[in-house]
Amino acid sequence: PTVLIEAQSLGVLNVAADCEYGPKEIFLGGKAGVLFKIADVQQLANIMTDVYNKKLPVSEMVLNATDALGRFETNTIKQQICEVLNG
């Protein structure tokens with residue numbers, strides 16, 4: 001998942017398979033990136049075509065992604081870990 005967060009920090013659209021852990025949360029359920037079913041090559045091709053033909057709100061998704069990057073900052077993560085450990 002780190003590469004997805006790194007790509008978001010560069011302001012590019014992310015497209016990833018909707019595997020069990022990571023992408024859905026990182027992409028805010030599809031508001032900050034595009035998810036496709038694992039191994040669904042046709043769906044991925046359709047997404048790529050839609051991006052190329054400007055049928056997806058790419059700018060909006062990129063803005064959502066960059067606006068939400070704070071949740072991955074070290075201090076934020078450290079605080080969340082401490083909260084979990086302290087109950």
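The following refers to the structure shown.

What counts as what
- Residues numbered from 1 in each chain as written.
- Predicted model: local features only at pLDDT ≥ 70, side-chain atom pairs only at ≥ 80, totals over all residues.
- Heavy atoms only, no water.
- Helix = DSSP H or I, 4+ residues; strand = E, 2+ residues; numbered from the N terminus.
- Buried < 20%, exposed > 50% of the residue type's maximum accessible area, 1.4 Å probe, protein only.
- Salt bridge = Lys/Arg side-chain N within 4 Å of Asp/Glu carboxyl O.
- Contact = heavy atoms within 4.5 Å.
- Arc of directions from axis to C-beta.

The subject of this paragraph is the overall build of the protein chain. On a plain count of helices and strands, the protein chain comes out with five helices and two strands. Of the regular secondary structure in the protein chain, the N- to C-terminal order runs α-β-α-β-α-α-α. When its C-alpha atoms are laid out on the principal axes, the protein chain stretches across 50 × 25 × 15 Å. Across the 87 residues of the protein chain, 22% fall into the buried class.

A full pass over the atoms with the stated rule returns one salt bridge. A salt bridge links lysine 24 to aspartate 18; the nearest nitrogen and oxygen atoms lie 3.4 Å apart. Classification of aspartate 18 as partly exposed rests on a relative accessible area of 27%.

Backbone geometry at alanine 39 places phi at a positive 70°, although glycine is not the residue there. Considering the arrangement of structural elements, one finds alanine 39 in the loop between strand 2 (34-36) and helix 3 (41-52). Of note, the phi angle at lysine 54 is positive, near 60°, even though the residue is not glycine. Relative to the helices and strands, lysine 54 is located in the loop between helix 3 and helix 4 (58-67). A relative accessible area of 72% places lysine 54 in the exposed class.

This brings us to the side chain of glutamine 8. Mapped onto the secondary structure, glutamine 8 falls in helix 1 (residues 2-9). On the basis of relative accessible area, glutamine 8 is assigned to the buried category, the value being 1%. Among all residues touching glutamine 8, those that are not within four sequence positions of it are Asn14, Ile26, Phe27, Ala32, Ala65, Thr66, Leu69 and Phe72.

Taken together, the buried positions of helix 1 are Leu4, Ala7 and Gln8. Projection of helix 1 onto a plane perpendicular to its axis shows the buried side chains occupying an angular sector of 100°, all on one side. Directly beyond the C-terminal end of helix 1, a positive phi value near 75° is found at glycine 11.

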